[in-house]
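Each chain is listed here by its residues.
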Amino acid sequence: MVGCNTQELETQIADLKNEVEEKDETIEELRTMVEDKNAEIKELEASTASADLEEELALAYEEIDFLNAELESAYSGSISYENVSNEIAQDIAVEVTITDFYADEYADAVVEGELYNGSEYSLELVELLATFTDVDGNVIDSTTTFADADILVPDGRTKFYAYVTDDVRIEEVTVEVIDYYIYE
């Protein structure tokens, strides 16, 4: 950002803050839609069998897949205004290792893992996106979580944990860092 004055940076940061707030609202709306659709599916599954039940369930699952794809798209566009205004953020790589993936006794699909900060900077509030997919890579569900440690020091490690309601179609999970702040 060579050549930018303080006023321009403050304007850019304010614009980015507004964009982040809009993204957060969109994400929350999509999450609510997914939750509503999941509730609708549970109601359909619990109701007595009808001739149209399977067709209704198939349509509901298709709608959930669409909403999850929208949700994933909204997350992939999310940004941290502090990171954008800080050029060193581009050089930071956090290594994500999945250590366990299982269905627990509460009917949740659970992923556990570890993060490694190989940079020279301490990172604060490292946010992750866990995406649960079927065998063909179609998104079934996704969720965000944070690293266990509030601050991940250079050469440091911390654990993470994320879960969604289990779905028989879930076969795989990926986890990626979607946001963090440089701790100063």
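Residues numbered from 1 in each chain as written. Predicted model: local features only at pLDDT ≥ 70, side-chain atom pairs only at ≥ 80, totals over all residues. Heavy atoms only, no water.

Student: Help me out: how do you make sense of the pairing of strand S2 (residues 108–117) in this one?
Tutor: Every other side chain in a regular strand lies on the same face of the sheet, so the side chains alternate between the two faces. By the criterion of burial, S2 is predominantly enclosed, with seven of the 10 residues buried. Pairing analysis gives nine bridges linking strand S1 (residues 94–103) to S2, with the strands arranged antiparallel. Of the residues in S2, the one forming a bridge with tyrosine 102 is valine 110. Relative to strand S6 (residues 157–165), S2 runs antiparallel, the two being bridged by nine bridges. Within S6, the residue paired with leucine 115 across the bridge is threonine 158. (Buried < 20%, exposed > 50% of the residue type's maximum accessible area, 1.4 Å probe, protein only. Helix = DSSP H or I, 4+ residues; strand = E, 2+ residues; numbered from the N terminus. Pairing = 2+ DSSP bridges.)

Student: Before we go on, may I ask you to explain the nonpolar core in this structure?
Tutor: Within the largest apolar cluster, 21 residues are counted, with the highest numbers of intra-cluster contacts made by Val111, Leu115, Leu123, Val126, Ala130, Phe132 and Val175. Once residues lying within four places of it in the same chain are set aside, the contact partners of valine 175 are Val96, Ile98, Val111, Leu128, Leu129, Ala130 and Phe160. (Core = buried A, V, L, I, M, F, W, Y, C linked by side-chain atoms within 4.5 Å. Contact = heavy atoms within 4.5 Å.)

Student: Can you walk me through the sheet that holds S1 in this structure?
Tutor: Backbone hydrogen bonds are what pair the strands of a sheet, in a parallel or an antiparallel way. The three strands lie next to each other as S1-S2-S6, forming an open sheet whose pairing is antiparallel. The open sheet has two free edges, formed respectively by S1 and S6, since each of these has just one partner strand. Neighbour-to-neighbour, the strand axes of this sheet turn through a mean angle of 20°, independent of strand direction. (Axes fitted to C-alpha atoms, helices over the stretch in contact; angles between N-to-C directions.)

Student: It is not clear to me how the environment of glycine 113 should be interpreted in this structure. Could you clarify?
Tutor: Following the sequence through the fold, glycine 113 ends up in strand S2. With a relative accessible area of 4%, glycine 113 lands in the buried category. Taking C-alpha positions, glycine 113 is 8.5 Å from threonine 158, a pair spaced 45 residues apart along the chain. Those residues in contact with glycine 113 that sit more than four places away from it in its chain are Thr97, Ile98, Thr99, Thr158, Lys159 and Phe160.

Student: Which parts of the structure should I look at to understand the packing of aromatic side chains?
Tutor: The geometry of two aromatic rings is summed up by the distance between their centres and the angle between their planes. Enumeration over the complete set of coordinates arrives at two aromatic pairs. Geometrically, the ring pair formed by phenylalanine 101 and phenylalanine 132 is tilted, given 6.1 Å between the ring centres and 45° between the ring planes. Of this pair, phenylalanine 101 sits in strand S1 while phenylalanine 132 sits in strand S3 (residues 123–133); the two residues are 31 residues apart in sequence, bridging distant segments of the chain. Classification of phenylalanine 132 by relative accessible area gives buried; the value is 0%. For the ring pair tyrosine 161 and tyrosine 163, a centre distance of 5.9 Å and an interplane angle of 55° mean the geometry is tilted. (Phe/Tyr/Trp six-rings, centres within 6.5 Å; stacked < 30°, edge-to-face > 60°.)

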